[in-house]
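Each chain, written out:
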Amino acid sequence: MGLLKYIKIHLVLASGLGSLPVSAQFTITPEADPFVLVNNLTGSGVTLIGSPLTIGGPTSSGIFTGGLSSGLAFDSGLIFSTGNVQDAIGPNDNPSKGSNLGLPGDPDLAAITGLSSRDASGLVFSFTTSSGDLYFNFLFASEEYEEYIDSNFNDIFAFFLTPDTDPNTPGNQPGTTRNLALIKGTNDPISVDTVNPKSNASAYVSNTTGVENHQFDGRTTNIIASARGIGPGEHIIKIVIGDSGDSVFDSAVFLQAGTFGGLSGLITNGFPVTATLRQTQLSMTHVGLRDVNSRLFRLRTRRPAMIPEAVSADKGSYSSKGGGKEIIPIPLVPTRWQAFGSLHAYSEDVDGSAVLLPGTQLNIITLPDYEIDILGGTAGIEYRYNHEWSLGAAVLTNDAEVDMGTLGHINSDGYALALYTSYYKENAFNGNGDWYGDMLYSYGTYENEITRTSIAGSASSDTESRNHTVALNTGYSLRSQNWIHGPYLSLTWTNGKLEGFTETGAGAASFTDTDHESLLGRMGYRVSRIIHTHRGKVIPQLRVAWEHEFQNDAITIGGFPLSAPTSDRLVTGAGIAWEFSPSGQAILDYEGRWGSDIESHQINLRLGFKF
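Along each chain, the written sequence defines residue order, and numbers are assigned to residues from 1. At least 70 in pLDDT is required for a residue's local features to be given in this predicted model, at least 80 for side-chain atom pairs to be given and counted, and no such filter applies to totals for whole chains, interfaces and linings, which use all residues. Computation of side-chain values: all heavy atoms of the structure, hydrogens and water removed.

Caption draft 1: Fine view of the overall build of the protein. In terms of helices and strands, the protein carries 6 helices and 36 strands. Per-residue burial for the protein yields a buried fraction of 52% across its 611 residues. A contact between two residues is defined here by any heavy atoms of the two lying within 4.5 Å. Taking contacts inside the protein between residues at least 6 apart in sequence as the whole, the part at least 24 apart equals 72%. Surface accessibility of the protein: about 24900 Å² in total, with carbon and sulfur atoms responsible for 57%. Numbered from the N terminus, helices here are DSSP runs of H or I no shorter than four residues, and strands are runs of E no shorter than two. Accessibility here uses a 1.4 Å probe with only protein chains present; expressed as a share of the type maximum, an area under 20% marks a residue as buried, one over 50% as exposed, and anything in between as partly exposed. Residue-level accessible areas treat just the shown protein chains as cover; the underlying method is Shrake-Rupley with a 1.4 Å probe.

Take a look at the structure:
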């Protein structure tokens, strides 16, 4: 089973990611004590060295809470502003809010923009990182949106990191200072001119109409910044924002509390939980649709017969013949309808996975250890059009519980509608055997309750998911007296969507929509035997198959790579059918799947009656 892992990533733009306690009201408290600010910002894997320093005045830095209620991407943390931090509180009722604090600017910011820098605000401190990496979450907001884009007023902020080149020497032996706040994949800093409706628009959120309850006219999405491989030593970070060109309109940078560190809360328990939820949706779909109405079990044993309807002698007609009366039998009417119901139980145990980042000794967790238990049932009806074709419809329900150990748990429940048609041809291919083909379509919808262990406590959320599934099945049967055996193939495609959601509670976060897709193939062989008893026919069946997932490619959430269980598995099955009357049949079936990191077991009990 997996353990929490470290991660090193480049700057990633990700919409709607956050963490930490949800408050009902957006509040900002000015705070200039650098120790208070650093303690509020730093998280796991980082240790403060020496005395930190603030940049700016007593009202240009502070602590905020209730950020989610204001529309921001996370709930609490630090704010550094080129004006009074309390001016950031909404609503956005002033299109040109600003304060000229008369404070000096920052020469490093001026060097980036080529404009004069004024009213700088920020924090400088030295630190060590136990993982050799650094990351943090932040967003930028400004009153200069959207009137002053591409003008001479381009407020900007930066995170200047000066790594230690000689950890064996006390103090910082400065290496090359670099800005960590860059547009992903470029060397462009994040400013009013570089993130807006015309440039990097996917990372921009407009507030000119006041849809969010803060004063700024626009902001970036949440940004995860990181530095990889900085190693041990005493490193220096300077977080700074400043007015450029004038001191009129304010801008601010919001930093998420507890995320400046060497171990990411969302990366170690947020994204992996989402990966588990994605896999849960696929498992629930495959379990419920594995063999609706046990039709595949029946097709693999022999063609289901159309049972004639019994008639009594007095239902015949009479005619005179030689002075007497004779009963003329009415042709027997076949029974075409069948009602069925089934119950299923399923368990799945998955070993988590992680990947080693190239050139490092650090692993990132891409799928956590988890266990799934699913209970469900099916009810439906089947109509046999003739001796070859049949049509069926069913309603399926599933209830799943997922245990992720220390990461939390998930409860999912929902239903699906399924339609299928089957074709069975006796003496196909020059009479050497029987052939069958089957096709199924299903639509399912599920509700999910998630409880996640965050870096601050426990966060919970509700979300919905939807799935479309198409399954194709075929097989060939060879008969030898009461023995039936032959190969079979199946291909099941599932496409679904997990709706984005926002958590509540300690460590609350927001997650965007996630798509999931599966193309599952099977190739196997089965053997059945028909046994006649005084209580009806008994038909045992054994199966073995190879299963392969063709859509096991890596996916990402917010730029973070996720994985799935391995693609190849051994599948074994065993079951028994009992035809206890001409119109009644019961089937008990077991199936197990074994892969290098997954093991699952499913039991189905089905009862059907023809009429």
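Caption draft 2: Expanded view of the environment of glycine 66. On the secondary structure map, glycine 66 appears in the loop between β4 (61-65) and α2 (67-70). Given the relative accessible area of 0%, glycine 66 is considered buried. Taking C-alpha positions, glycine 66 is 5.0 Å from glutamine 25, a pair spaced 41 residues apart along the chain.

Caption draft 3: Seen up close, the nonpolar core. One finds Phe138 and Phe159 to be the most contacted residues of the largest nonpolar core, which totals 36 residues. Among the elements of the structure, α1 (34-41), β5 (77-81), β6 (117-129), β7 (134-142), β8 (156-162), β12 (223-227), β13 (235-244) and β14 (251-256) are those that each provide at least two residues to this core. Looking at this core, the element that brings in the most residues is β7, giving 4 residues. Once residues lying within four places of it in the same chain are set aside, the contact partners of phenylalanine 138 are Phe74, Phe157, Phe159, Ala181, Ile190, Thr221, Asn222, Ile223, Ala225, Val253, Phe254 and Leu255. The nonpolar core is taken to be a set of buried Ala, Val, Leu, Ile, Met, Phe, Trp, Tyr and Cys residues, with the residues joined through side-chain atoms within 4.5 Å.

Caption draft 4: Quick look at the sheet that holds strand β9 (residues 178-179). What makes two strands pair is DSSP finding at least two bridges between them. One open sheet accounts for 5 strands, arranged β3-β6-β13-β8-β9; its pairing is antiparallel. Among the strands making up the open sheet, the edge pair consists of β3 (46-55) and β9. Both β3 and β6 contribute to a ladder of 7 bridges, which runs antiparallel. Looking across to β6, one finds that threonine 54 is bridged to leucine 123. Note on geometry: axes are lines fitted to C-alpha atoms, helical ones only across the stretch in contact, with angles between N-to-C directions running from 0 to 180 degrees. Where α1 meets the sheet, it contacts β3, β6 and β13, and its direction lies at approximately 135° from that of β3.

Caption draft 5: Geometry of a nonpolar patch on the surface. Patch criteria: residues need more than 30% relative accessible area and no salt bridge. Like-charged residues are merged within 9 Å; nonpolar side chains of Val, Leu, Ile, Met, Phe, Trp and Tyr are merged within 5 Å. Salt bridge criterion: a side-chain nitrogen from Lys or Arg within 4 Å of a carboxyl oxygen from Asp or Glu. There is a patch of nonpolar side chains on the surface, built from Met439, Tyr441, Val470, Leu472, Leu491, Trp493 and Phe550 and spanning about 600 Å² of accessible area. Going through the elements one at a time, β23 (433-453), β24 (458-480) and β25 (483-498) are the ones with two or more residues in the nonpolar patch.

Caption draft 6: Quick look at unusual backbone geometry. For the bond from glycine 90 to proline 91, the omega torsion is 10°, close enough to zero to count as cis. Mapping proline 91 onto the fold places it in the loop between β5 and α3 (107-113). Residue glutamate 146 follows tyrosine 145 across a cis peptide bond; omega there is -10°. Mapped onto the elements of the fold, glutamate 146 is located in the loop between β7 and β8. In this model, asparagine 200 sits at a positive phi of 50°, which is unusual for a non-glycine residue. Position of asparagine 200 relative to the elements: it lies in the loop between β9 and β10 (204-206). For asparagine 200, a relative accessible area of 31% puts it in the partly exposed group. Although it is not a glycine, glutamine 481 adopts a positive phi angle of roughly 55°. Looking at the secondary structure, you find glutamine 481 in the loop between β24 and β25.

Caption draft 7: Up close: the packing of aromatic side chains. Each aromatic pair joins two rings of Phe, Tyr and Trp (for Trp, the six-membered one) with centres within 6.5 Å, and gets the label stacked for planes under 30 degrees apart, edge-to-face for over 60, and tilted for any other angle. Counted according to the given criterion, the structure contains 22 aromatic pairs. A ring pair is formed by phenylalanine 216 and phenylalanine 254, whose centres lie 6.3 Å apart and whose planes are at 85°; its orientation type is edge-to-face. In this pair, phenylalanine 216 is assigned in the loop between β10 and β11 (218-220) and phenylalanine 254 in strand β14, connecting sequence segments 38 residues apart. Its relative accessible area of 4% is what places phenylalanine 216 among the buried residues. Given the relative accessible area of 1%, phenylalanine 254 is considered buried. An aromatic cluster is defined as three or more aromatic residues linked by ring pairs; in this entry it consists of Phe125, Phe127, Phe136, Phe138, Phe140, Tyr145, Phe157, Phe159, Tyr204 and Phe260. In this structure, arginine 295 is placed above the aromatic ring of tyrosine 420, and the distance from its NZ or CZ to the ring centre is 5.0 Å. Two thresholds decide whether a charge sits over a ring: the Lys NZ or Arg CZ must be within 6 Å of the ring centre and within 35 degrees of the ring normal. Note that arginine 300 overlies the ring of tyrosine 488, its terminal NZ or CZ placed 4.1 Å from the centroid.

Caption draft 8: Up close: empty space enclosed by the protein. Cavities and pockets are found on a 1 Å grid laid over the protein atoms alone: a cavity is a set of points where a 1.4 Å probe fits but cannot escape, a pocket is an open set with protein on both sides within 12 Å along at least five of seven lines, and a lining residue has an atom within 4 Å of such a point. Grid points are joined across faces, edges and corners, and a volume is the space filled by probe spheres set on the points. In total, this model carries 8 cavities of 30 Å³ or more according to the counting rule given. A volume near 590 Å³ is recorded for the largest cavity. What lines the largest cavity is a set of 41 residues, and nearest its centre among them are His286, Leu520, Arg522, Glu547 and Arg593. Polar here means any residue outside two lists: the nonpolar Ala, Val, Leu, Ile, Met, Phe, Trp, Tyr, Cys and Pro, and the charged Asp, Glu, Lys and Arg; Gly therefore counts as polar. Class assignment of the residues belonging to the lining of the largest cavity gives a composition of 13 nonpolar, 14 polar and 14 charged.

Caption draft 9: Region of interest: the environment of leucine 296. Relative to the elements of secondary structure, leucine 296 occurs in helix α5 (residues 295-301). Sequence separation between leucine 296 and glycine 475 is 179 residues; the distance between their C-alpha atoms is 9.3 Å. Those residues in contact with leucine 296 that lie beyond four places of it in its chain are Arg290, Asp291, Asp438 and Asn473.

Caption draft 10: View of a negative patch on the surface. A grouping of Glu371, Asp373, Asp399, Glu401, Asp403, Asp413, Glu447, Glu449, Asp462 and Glu464 is seen on the molecular surface, where their side chains present a negatively charged patch. Of all the secondary-structure elements, those providing two or more residues to the negative patch are β20 (370-384), β21 (389-403), β23 and β24. It is β21 that provides the largest number of residues to the negative patch, a total of 3 residues. Within the secondary structure, aspartate 403 is located in strand β21. Classification of aspartate 403 by relative accessible area gives partly exposed; the value is 43%. A positive count includes Lys and Arg, and a negative count includes Asp and Glu. His and the chain ends are not counted in either. To locate a charge, the coordinates of NZ of Lys, CZ of Arg, CG of Asp or CD of Glu are taken.

Caption draft 11: Up close: the pairing of strand β34 (residues 568-579). Only one face of β34 is buried: it carries Arg569, Val571, Gly573, Gly575, Ala577 and Glu579, and the other face, with Asp568, Leu570, Thr572, Ala574, Ile576 and Trp578, is open. Bridge analysis of strand β31 (residues 536-549) against β34 gives 12 bridges, and the strand direction is antiparallel. The partner of alanine 545 across the bridge, within β34, is valine 571. What sits between the antiparallel neighbours β34 and strand β35 (residues 584-594) is a turn of 4 residues.

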